Amino acid sequence: MQDSHLLKEKKRDFSGAGINLKPQHYDEAITLSSTNNMDRFDDRLNKTLWFEVHTENYFVEGGPRLAYLQKIRDLYPLSFHGVGASLGNPSLLTKPHLKQVAQLVSRFDPFLVSEHATWSSSQNAYFADLLPLPRTQNALANLCQGIVQYQDAIGRPILIENPTNYLNFVADMDEGDFLMEAVKRTGCGILLDVNNLYLSAQNTGMDVQAYLGALDASAVGEIHIAGFAIDENFPERLLIDSHGSPVAQGVWQLLEEVLTLFGPKPVLLERDDNVPSFNELMSERNQAQACLDRVSAFMQSESKSDTNEVYLD
Amino acid sequence: MRCTLIDQEDYIQAFTHFMRSGECGALSGFLADDENTDFLKIYRNGFYKACLSALKANFISLTYLLDETEFNQIATQYINRYPPVQATLVAYGMAQGLDPDIRNNTLCFPSFLGQLNDTAPERDTSFVPFLNDLALLDQAWFSTLNKLNLNQVSLAQVQLMLEQGQDLSVIPFKLVDSVSLVSIEFDVFTHWQALRFRGEKSDKTPEQGIRYILFWQCNGEVQAKSLSSIESHFYQEFIKTSSLSDALESAAQRDDEFDVSALFADLLNASLLMLED
């Protein structure tokens, strides 16, 4: 089974656009690739579509949830995105947590595994949110310890996602440098959430260009996009990472800029709230794919023109 | 940008205190100078929203019985008292899957509702005394659905054993792993089914009295049935002794009219038996 998957996946373009898969869309995702849907599931889609799931949603022994995930895994590249490991503050909850992650990674062999550069557990309590870390040397050391622990448990490198910032904490370094230092120390990569970056810039005045300039293109292994909400109490000041609406124009623009800067990467459309129909999500996902295609074509043409210039010289 | 040597542990403690209490005074020292501490509420709101949403998904019958404000009020008390002790909300509020050490330091949502029962003022007519029973049934349904259910014995397999002349009384049959036997104090099984699967409330007040409900998985779907007195005795014995023949014998001793063959056929037809490894 594994061999045929690997073979199939090598033929796929992993710079494709994917969707984070919700249970209500299992059946449609599976039937999309059936022969009845060949008009929709064309060769391009076959080579680019992938799905991501929240790892912790599959912390069950058996039942339909895991059975569905297996079917999806048999048809598409699959990525695991963790939300509960509390990398920035490993706690007593970490060890049993990582054991379950490792079992799932071993069983489903996802092509990417990611987590967050945040914390969420302390004193035996899990706060079910992505809590911010102060960007200090101490916090960096803790984060790196959490990443190493995670990577050791699953036997492979992970990607860590930049958080959404709502306010500024004390900091010794900028976030781009903070993440890159974690990359250097642990061998992990970066999942660049463009929506989070957009919101951080709006909420805290983070300098997007300086941020992107600090990141090494080769360290960026995946990109997320999502929709946001305007805070009811502070509409002028705060944008919330809600994943509950379509991607905003400003985020699409930033995505194009990021892809042009770093080159094509797997792009994932996240939607966790007010989840629309599968078709609606697919059409938004296709917009991301079109963005990837444009950037790829542009880079190819640039590369050809560079070659021509060398030839002419 | 200021260079700082803040203690990470102090920061985590201050943030933890804020998440548990809403008091952010200790966190202000970790914020940049002119930050609005009201913005911190976003994190705490996110935590409660996620936990409430998990409890609603896991105890769905209660969400049909209670109005949203009532449910949120009770659930928020639970979240305050017993925040998640696993870094996932998949089974938040449920007893399943917890390490014994952790289990001792927390309480599942059905038990919490049971405690509310015990402490509810006598004249509080709005209080529903069988909330914990409904929650127990939701919990059992969820737990059964997500269990690994392997090596079920089919009728055809047993027929083959008989054709081969095997003595069934010595075959080590056991109940499938997905089985969950739930004891409830009110007769709410039908009520629960109407709530959970049709969103319908019942006008009838359920009768008080211990009932046993059996849950198991068959062909990937959850099955459940209310047990008769002798059936509940049989299943309790079977779970306690892990021996089919002992449980059958015990049930036959208790009731002269207990039909062993019929029950065995029921077990097979319902895919309730597996073979011990």
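Residues numbered from 1 in each chain as written. Chains lettered and ligands numbered in written order. Predicted model: local features only at pLDDT ≥ 70, side-chain atom pairs only at ≥ 80, totals over all residues. Heavy atoms only, no water.

1. A look at the overall build of chain B
Thinking step 1. In terms of helices and strands, chain B carries 12 helices and 5 strands.
Thinking step 2. Taking 2.2 N^0.38 as the reference for a compact globule, 277 residues should give roughly 19 Å; the C-alpha atoms of chain B span a radius of gyration of 24 Å, well beyond that estimate.
Thinking step 3. Expressed as lengths along the three principal axes of its C-alpha atoms, the size of chain B is roughly 85 × 50 × 30 Å.
Thinking step 4. In chain B, which comprises 277 residues, the proportion classed as buried is 48%.
Thinking step 5. Nonlocal contacts in chain B, meaning residues at least 24 apart in sequence, comprise 67% of its contacts between residues at least 6 apart.
Thinking step 6. Approximately 14,300 Å² of chain B is accessible, and the part contributed by carbon and sulfur atoms is 46%.
Thinking step 7. Separation between the mean location of the 19 positive side-chain charges and that of the 38 negative ones in chain B comes to 6 Å. (Helix = DSSP H or I, 4+ residues; strand = E, 2+ residues; numbered from the N terminus. Rg over C-alpha atoms; globule rule 2.2 N^0.38 Å. Buried < 20%, exposed > 50% of the residue type's maximum accessible area, 1.4 Å probe, protein only. Contact = heavy atoms within 4.5 Å. Areas by Shrake-Rupley, 256 points an atom, 1.4 Å probe, with all protein chains shown as cover. Lys, Arg positive; Asp, Glu negative; His and termini not counted. Charge placed at Lys NZ, Arg CZ, Asp CG, Glu CD.)

2. Describing the interface of chain B and chain A
Thinking step 1. Across the boundary between the two partners, chain B contributes 46 residues, which contact 49 residues of chain A.
Thinking step 2. Between chain B and chain A, the buried area comes to about 4,100 Å², and carbon and sulfur atoms account for 64% of it.
Thinking step 3. Its largest share of buried area at the contact with chain A, chain B owes to F39, Y43 and A87 of chain B, together 18% of the area lost on that side.
Thinking step 4. At the junction of chain B with chain A, the criterion picks out 1 salt bridge.
Thinking step 5. Notably, a salt bridge pairs D273 of chain A with K49 of chain B, separated by 3.0 Å at the nearest N-O pair.
Thinking step 6. Across the contact surface, chain B and chain A share 11 residue pairs in polar contact (both at pLDDT 80 or more).
Thinking step 7. When residues of the side of chain B that touches chain A are assigned to their parent elements, the largest contribution, 8 residues, is made by helix α1 (residues 8–21) of chain B. (Buried area = accessible area lost by both parts, 1.4 Å probe. Salt bridge = Lys/Arg side-chain N within 4 Å of Asp/Glu carboxyl O. Polar contact = N/O pair within 3.5 Å; in protein donor to acceptor, adjacent residues only side chain to side chain.)

3. Describing α1 of chain B
Thinking step 1. Under the 1.5 Å per step criterion, the end-to-end length of α1 of chain B is 20 Å for 14 residues, consistent within 8% with the ideal 20 Å.
Thinking step 2. If you check which residues of α1 of chain B are buried, you get Q8, Y11, I12, A14, F15, T16, F18 and M19 of chain B.
Thinking step 3. Where the residues of α1 of chain B are buried, they touch β5 (119–122), β6 (125–131) and α6 (137–154) of chain A together with α2 (41–58) of chain B.
Thinking step 4. A side-chain oxygen of the first residue of α1 of chain B lies 2.7 Å from the backbone nitrogen of E9 of chain B; this N-cap is D7 of chain B.
Thinking step 5. Following α1 of chain B by one or two positions, G22 of chain B has its phi on the positive side, about 85 degrees. (Expected span 1.5 Å × (residues − 1).)

4. Some remarks on the pairing of strand β1 (residues 17–20) of chain A
All names here are of chain A.
Thinking step 1. Here β1 shows a buried face lined by A17 and I19 and a second buried face lined by G18 and N20.
Thinking step 2. Pairing analysis gives 3 bridges linking β1 to strand β2 (residues 50–54), with the strands arranged parallel. Note that in β2 the partner of I19 across the bridge is F51. (Pairing = 2+ DSSP bridges.)

5. A short note on the packing of helix α11 (residues 244–254) of chain B against helix α12 (residues 260–269) of chain B
Residue and element names in this part refer to chain B.
Thinking step 1. At a minimum axis separation of 11 Å, α11 and α12 run at an interaxial angle of 135 degrees. Taken together, the axes of α11 and α12 are oblique relative to one another. The two elements α11 and α12 meet at a crossing, and its hand is right-handed. Across the interface between the two elements, L244, L248 and A252 from α11 touch V260, L263, F264 and L267 from α12.
Thinking step 2. Among the residues making up the contact of α11 with α12, the classes are represented as 7 nonpolar, no polar and no charged. (Axes fitted to C-alpha atoms, helices over the stretch in contact; angles between N-to-C directions. Parallel < 35°, antiparallel > 145°, perpendicular 65-115°, else oblique. Left-handed = near helix turned anticlockwise from the far one by under 90°. Nonpolar A, V, L, I, M, F, W, Y, C, P; charged D, E, K, R; others polar.)

6. Details of the pairing of β2 of chain A
Residue and element names in this part refer to chain A.
Thinking step 1. Burial analysis of β2 places 5 of its 5 residues in the buried class, the great majority of the element.
Thinking step 2. Across 4 bridges, β2 lies against strand β3 (residues 78–81) in parallel orientation. Looking at the pairing, E52 lines up with S79 of β3.
Thinking step 3. Handedness of the crossover is the feature at issue here: the chain leaves β2, passes through helix α4 (residues 64–75), returns alongside β3, and the resulting connection is right-handed. (Right-handed = clockwise from strand over helix to strand, strands pointing away.)

7. A short note on the packing of α2 of chain B against helix α4 (residues 68–81) of chain B
Residues and elements named next belong to chain B.
Thinking step 1. As a packed pair, α2 and α4 sit with axes 10 Å apart at the nearest point and diverge in direction by 115 degrees. One way to sum up the angle between α2 and α4 is to call them roughly perpendicular. Here the hand of the crossing between α2 and α4 comes out right-handed. Contacts between α2 and α4 pair F47, Y48, C51, L52, L55 and K56 from the former with E68, F71, N72, A75, T76, Y78, I79 and N80 from the latter.
Thinking step 2. Taken together, the residues that form the contact of α2 with α4 break down as 9 nonpolar, 3 polar and 2 charged.

8. Description of the confidence of the model for chain B
Thinking step 1. Mean pLDDT over chain B: 91, with 95% of residues reaching 70 or higher.
Thinking step 2. Both scores are available for the predicted complex, with the pTM at 0.91 and the ipTM at 0.90. (pLDDT = per-residue confidence, 0-100.)

9. Considerations on the sheet that holds strand β3 (residues 208–218) of chain B
All names here are of chain B.
Thinking step 1. Taken together, 3 strands build an open sheet; the order of strands is β2-β3-β4 and the sheet is antiparallel. A single partner strand is all that each edge strand has here, and the edge strands are β2 (180–186) and β4 (221–226). Neighbour to neighbour, the strand axes of the sheet diverge by 25 degrees on average, direction disregarded.
Thinking step 2. On top of the sheet, helix α9 (residues 189–198) reaches β2, β3 and β4; it is set at about 150 degrees to β4, its chief contact.

10. Considering the packing of aromatic side chains
Thinking step 1. Tallying each qualifying case throughout the model produces 34 aromatic pairs over all chains.
Thinking step 2. Relative to F111 of chain A, the ring of W50 of chain A has its centre 5.2 Å away and its plane inclined at 85 degrees; by these criteria the two rings are edge-to-face. Taken together, the positions of W50 of chain A in strand β2 and F111 of chain A in the loop between α5 (94–108) and β4 (112–116) put the pair 61 residues apart, joining distant regions of the chain. F111 of chain A matches W50 of chain A in its accessibility class, with the two residues each being buried.
Thinking step 3. Aromatic ring contacts, followed pair by pair, group W119, F127, Y166 and F169 of chain A together with Y11, F15, F18, F30, Y43, F47 and Y48 of chain B into a single cluster.
Thinking step 4. A cation sits over an aromatic face here: K71 of chain A above Y68 of chain A, 5.4 Å from the ring centre.
Thinking step 5. Residue placement shows R196 of chain B over the ring face of W141 of chain B; its charged tip is 4.0 Å from the ring centre. (Phe/Tyr/Trp six-rings, centres within 6.5 Å; stacked < 30°, edge-to-face > 60°. Lys NZ or Arg CZ within 6 Å of the ring centre and 35° of its normal.)

11. Remarks on the nonpolar core
Thinking step 1. L192 and I225 of chain A together with F15 and F109 of chain B are the most contacted members of the largest nonpolar core, which has 156 residues in total.
Thinking step 2. With residues near it in sequence (within four places) discarded, F109 of chain B still touches L55, F59, L62, F71, I74, A75, Y78 and G93 of chain B.
Thinking step 3. Listed in part, the 30 residues of the second largest apolar core include W216, I230, L248 and A270 of chain B. (Core = buried A, V, L, I, M, F, W, Y, C linked by side-chain atoms within 4.5 Å.)

12. Some thoughts on the sheet that holds β4 of chain A
Residues and elements named next belong to chain A.
Thinking step 1. Strand order in the closed barrel made by the 8 strands is β1-β2-β3-β4-β7-β8-β9-β12, with parallel pairing throughout. On average, each strand axis in the sheet is tilted by 30 degrees relative to the strand beside it, whichever way the strands run.
Thinking step 2. In this structure, β1 lies alongside strand β12 (residues 267–269), joined through 3 bridges in parallel fashion. Bridge pairing in β12 links G18 to L268.
Thinking step 3. Each of β8 (189–193), β9 (220–225) and β12 is contacted by helix α10 (residues 249–262), which is oriented at about 170 degrees to β9, the strand it contacts most.

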